[in-house]
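These are the residues of each chain, in order.
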Amino acid sequence: MATSHWFIGGGAEHTAEMVRRDTYAKLKGAEGVCEVGDMRVLPTAVPGGAVRITIGSVYVNSLYSGAVRETYMGSVVTQETVAVPQNTEGSPRRDLIVARFKDPYVQGSPWPDPGAGIEDPDAAAEARAGAQYLFIERVPSVPGGTTRLQDVAGFESDTAYTLARIDIPASTGTITSAMITDLRQVHTRRLVREMRINALQGEERETLVATAENGEWFPNAGALQYIDVPVWATRMQIEGDWIGCLAGPGQSSGACWVEFGPSAGGNSRIYKAQGNNWNIPETPDSKAVQMATATEMSVPAAVRGVRQVPFIMKARIKTSSGNDARPYMNPGSSTKLCITFYEDALSVSDS
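Residues numbered from 1 in each chain as written. Predicted model: local features only at pLDDT ≥ 70, side-chain atom pairs only at ≥ 80, totals over all residues. Heavy atoms only, no water.

Draft legend 1. Spatial organisation of the sheet that holds strand β7 (residues 93–101). The strand order across the open sheet formed by 4 strands is β8-β7-β9-β10, and the pairing between neighbours is antiparallel. Unpaired on one side and paired on the other, β8 (134–139) and β10 (180–182) mark the two borders of the sheet. In this sheet, neighbouring strand axes are inclined to one another by 20° on average, regardless of whether the strands run parallel or antiparallel. Bridge count for β7 against β8 is 6 bridges, and the pairing is antiparallel. For I97, the partnering residue across the bridge sits in β8 and is R138. (Pairing = 2+ DSSP bridges. Helix = DSSP H or I, 4+ residues; strand = E, 2+ residues; numbered from the N terminus. Axes fitted to C-alpha atoms, helices over the stretch in contact; angles between N-to-C directions.)

Here's what the structure looks like:
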């Protein structure tokens, strides 16, 4: 029986392979950068024929032939710069920027041992200890739309993680942010879901009357909720439901949405999520009203890590055949506000 181990005492030997297997198991095979801002590929401060890679760490699954569920981890500890030669052709060129692990000590590795040929054992050990094994490199002239190095002919078994693709127009030597497609993912995204339920009570009843673009809080009681925004959150999904809304005879239509953040004056907030329309068809009797909104968007940098950020459910009237036809809520109605915050790698344009 052939077995291996990790964290056994008594002087038992522990292999690099077991450390990589332990890392793979803890991440459940997930690859990617550690934090949303790690190892971003950006233009140089003065755009030119190079890109810069920010500091950070990355996890990469081993594709060496002898590997059994192993993951490498490496870091860029000072900002790297990678030259991108001018595209002198008459058609666009696509290059990848990748993080490649070149481990000469594993089965099937094509990489040379940095201590090979050094007769002095101490000098050989020092050469191996100080050698570089993680490289940030440019892979030129890949097919259009490529998002992964392993999809490029000749690189199928590379132990590498693709950070970005650069689409360089013909006869161009200056790399700008518009040419860079960010291909990073956070290896294990954090996610938090916040839900607020508001059920109208007692004699509460409110009819939607606002017709102006900025609308009104609907309903006034409970439309405002305070939610903590995680410091790591870069994306969020916003869902709002007005449950048990009613309307009398007639026709009306309008919109509903969620606003959040600091005050923009009046009853409005600085940030407004994309809203949804609602419509009540013409009928001679009372009816239930379907009002709901859902959107996905970036978390503004100004509210990341801020506690008790106000989120407000709002609505407005666009058309109405009369007051009776407008939506109203009563003690049989409630609202549900659900905000899902999650973590994703920042794009070139994000702050």
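Draft legend 2. Region of interest: the environment of A255. By secondary structure assignment, the location of A255 is in strand β16 (residues 250–265). Along the primary structure A255 and D103 are separated by 152 residues, whereas in three dimensions their C-alpha atoms are 58 Å apart.

Draft legend 3. Structural detail: the nonpolar core. With 32 residues, the main nonpolar core has M291, F311 and F341 as its most contacted residues. Broken down by secondary-structure element, the contributors of at least two residues to this core are β15 (235–247), β16, β18 (276–283), β19 (287–298), β20 (309–320) and β22 (334–342). Among residues more than four places away in sequence, those in contact with M291 are F218, D241, W242, C245, C256, W278, A315 and P327. Counting 28 residues, the second largest nonpolar core, distinct from the first, contains V106, Y161, A164 and I180. (Core = buried A, V, L, I, M, F, W, Y, C linked by side-chain atoms within 4.5 Å. Buried < 20%, exposed > 50% of the residue type's maximum accessible area, 1.4 Å probe, protein only. Contact = heavy atoms within 4.5 Å.)

Draft legend 4. Fine view of the sheet that holds strand β1 (residues 32–33). Overall, antiparallel pairing links the 3 strands, which are arranged β1-β4-β5 in an open sheet. Pairing within the sheet leaves two strands with one partner each, and these edge strands are β1 and β5 (71–76). Relative to β5, strand β4 (residues 56–61) runs antiparallel, the two being bridged by 6 bridges. Paired with G56 across the strands is V76, a residue of β5. Its contacts with the sheet put helix α1 (residues 16–27) on β4 and β5, and the angle it makes with β5 is roughly 90°.

Draft legend 5. The arrangement of the side chain of T23 in detail. Its place among the elements puts T23 in helix α1. A relative accessible area of 19% means that T23 is categorised as buried. The contact partners of T23, leaving out residues within four places of it in the chain, are Y59 and T71.

Draft legend 6. Unusual backbone geometry, seen in detail. In this model, F218 is joined to P219 through a cis peptide bond whose omega is -10°. Tracing the backbone shows P219 in the loop between β13 (216–217) and β14 (224–227). Backbone geometry places S171, a non-glycine residue, at a positive phi of 50°. Along the chain, S171 turns up in the loop between β9 (160–168) and β10. Judged by its relative accessible area of 55%, S171 falls in the exposed class. Despite not being glycine, Q308 has its phi angle at roughly 55°, a positive value. Within the secondary structure, Q308 is located in the loop between β19 and β20.

Geometric values such as these leave the question of function open.
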